[in-house]
Amino acid sequence: MKKVNAIPAVVTLTAGILACLICIYKRYPTQEALLTLLAVLVIFYFLGGIARGIIYRIVKKVQEEEEERLREEERLKKQQEEEEREREESLQEEATMMEEAAEEEEFTL
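Cut-offs applied
Throughout this document, residue positions are counted from 1 along each chain, in the order its sequence is written. Reporting of local features is limited, given that this is a predicted model, to residues whose pLDDT is at least 70; pairs of side-chain atoms are given and counted only at 80 or more, and all residues count toward the totals for whole chains, interfaces and linings. Excluded from the side-chain calculation are hydrogens and water; included are all heavy atoms of the structure. Strands are runs of DSSP state E lasting at least two residues, helices are runs of H or I lasting at least four, and both sets are numbered from the N terminus onward. We call two residues in contact whenever any of their non-hydrogen atoms come within 4.5 Å of each other. The quantity called pLDDT is the predictor's confidence in a given residue, expressed from 0 to 100. Patches in this entry comprise residues that are over 30% relatively accessible and not in a salt bridge; like charges within 9 Å are linked, as are nonpolar side chains (Val, Leu, Ile, Met, Phe, Trp, Tyr) within 5 Å. Only the protein chains shown count as covering a residue, and every accessible area follows the Shrake-Rupley method with a 1.4 Å probe. Here, a salt bridge means any Lys or Arg side-chain nitrogen found within 4 Å of an Asp or Glu carboxyl oxygen. The rule is simple: take the accessible area with a 1.4 Å probe, protein chains only, and divide by the maximum for that residue type; under 20% is buried, over 50% is exposed, in between is partly exposed. Pairs of N or O atoms are called polar contacts if they sit within 3.5 Å, as long as, within protein, a hydrogen donor faces a hydrogen acceptor (for residues adjacent in sequence, only side-chain-to-side-chain pairs). Ring pairs are drawn from Phe, Tyr and Trp, using the six-membered ring of Trp, whenever the two centres fall within 6.5 Å, and their geometry is named by plane angle: stacked under 30 degrees, edge-to-face over 60, tilted for the rest.

In this section: the overall build of the protein chain. From N to C terminus, the protein chain includes 3 helices and 0 strands. From first element to last, N terminus to C terminus, the protein chain shows the α and β order α-α-α. Principal-axis analysis of the C-alpha atoms gives the protein chain an extent of 120 × 20 × 15 Å. Counting only contacts in the protein chain whose residues sit at least 6 apart along the sequence, the fraction spanning at least 24 positions is 77%.

Here it is as structure tokens:
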């Protein structure tokens with residue numbers, strides 16, 4: 001998330017460098033170049049802020065979906081373990097019942 005916070009600064013500085021290079025190449029007068037640079041910096045700072053907000057929401061949504069997926073996997077794992085435990089218990093009960101039935105048959109013979 002720290003990288004997302006730097007987006008407005010990176011966008012603003014990149015636009016500012018490009019604006020300066022264009023003003024130098026086209027030989028703008030100093031005052032006009034500074035006003036152009038100021039306008040570019042302000043506009044692109046706000047655009048960077050908007051981009052940061054959009055990216056922040058996307059990243060947050062992806063993180064929430066990942067957490068939900070992990071919770072669901074954990075829930076399913078616990079459910080499977082519980083079902084396995086119940087199966088083992090029922091098999092043990094059946095084995096005990098069969099042993100008891102076999103013992104009763106031995107007594108009746």
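Segments scoring low in pLDDT should not have their predicted coordinates read at a detailed level. Looking at the protein chain, pLDDT values average 91 and 96% of them are 70 or higher. When pLDDT is averaged over each helix and strand of the protein chain, the minimum, 84, is found for helix 1 (residues 2-5) and the maximum, 96, for helix 2 (residues 7-25).

Another aspect to go through is a nonpolar patch on the surface. On the surface, Ile-43, Phe-44, Leu-47, Ile-50, Ile-54, Ile-58 and Val-62 cluster together into a nonpolar patch covering about 630 Å² of accessible area. As for its placement among the helices and strands, Ile-43 is situated in helix 3 (residues 30-108).

Take the environment of Glu-84 next. Tracing the backbone through its elements, the reader meets Glu-84 in helix 3. In this structure the C-alpha to C-alpha distance between Glu-84 and Leu-41, which are 43 residues apart in sequence, comes to 63 Å.

In this section: the environment of Ala-51. Positionally, Ala-51 belongs in helix 3. Overall, the relative accessible area of 28% leaves Ala-51 in the partly exposed class. Counting along the chain gives 37 residues from Ala-51 to Thr-14, while the straight-line C-alpha distance between them is 15 Å.

With that settled, the discussion passes to the side chain of Thr-12. Here Thr-12 is to be found in helix 2. On the basis of relative accessibility, which here comes to 10%, the residue Thr-12 falls in the buried class. From its side chain, Thr-12 meets the backbone oxygen of Pro-8 in a polar contact 2.7 Å long. Apart from residues no more than four positions distant in its own chain, Thr-12 is found in contact with Leu-41, Phe-44 and Tyr-45.

What follows concerns the environment of Phe-46. As for its placement among the helices and strands, Phe-46 is situated in helix 3. Note: C-alpha distance between Phe-46 and Val-11 (35 residues apart in sequence) is 9.6 Å.

Turning our attention to the packing of aromatic side chains. Under the defined criterion, the tally for this structure stands at 1 aromatic pair. With 6.1 Å between their ring centres and 70° between their planes, Tyr-45 and Phe-46 make a pair best called edge-to-face.

What follows deals with unusual backbone geometry. Even without glycine at this site, Arg-27 takes up a positive phi of about 55°. Relative to the helices and strands, Arg-27 is located in the loop between helix 2 and helix 3.

Counting across every chain of the model gives 7 salt bridges. Ionic pairing is found between Glu-83 and Arg-87, a salt bridge with its closest N-O pair at 4.0 Å. Of this pair, Glu-83 and Arg-87 are both found in helix 3, 4 residues apart, which corresponds to roughly one turn of the helix. Take Arg-87: its relative accessible area is 45%, and that puts it in the partly exposed class. One salt bridge in this structure joins Arg-87 and Glu-84, with 2.7 Å as the shortest N-O distance. In this pair, Arg-87 and Glu-84 both sit in helix 3, 3 residues apart, roughly one turn of the helix. Glu-84 gets classed as partly exposed once you look at its relative accessible area, which sits at 36%. Each of Glu-66, Arg-69 and Glu-73 takes part in salt bridges that share partners, so that together they form one network.

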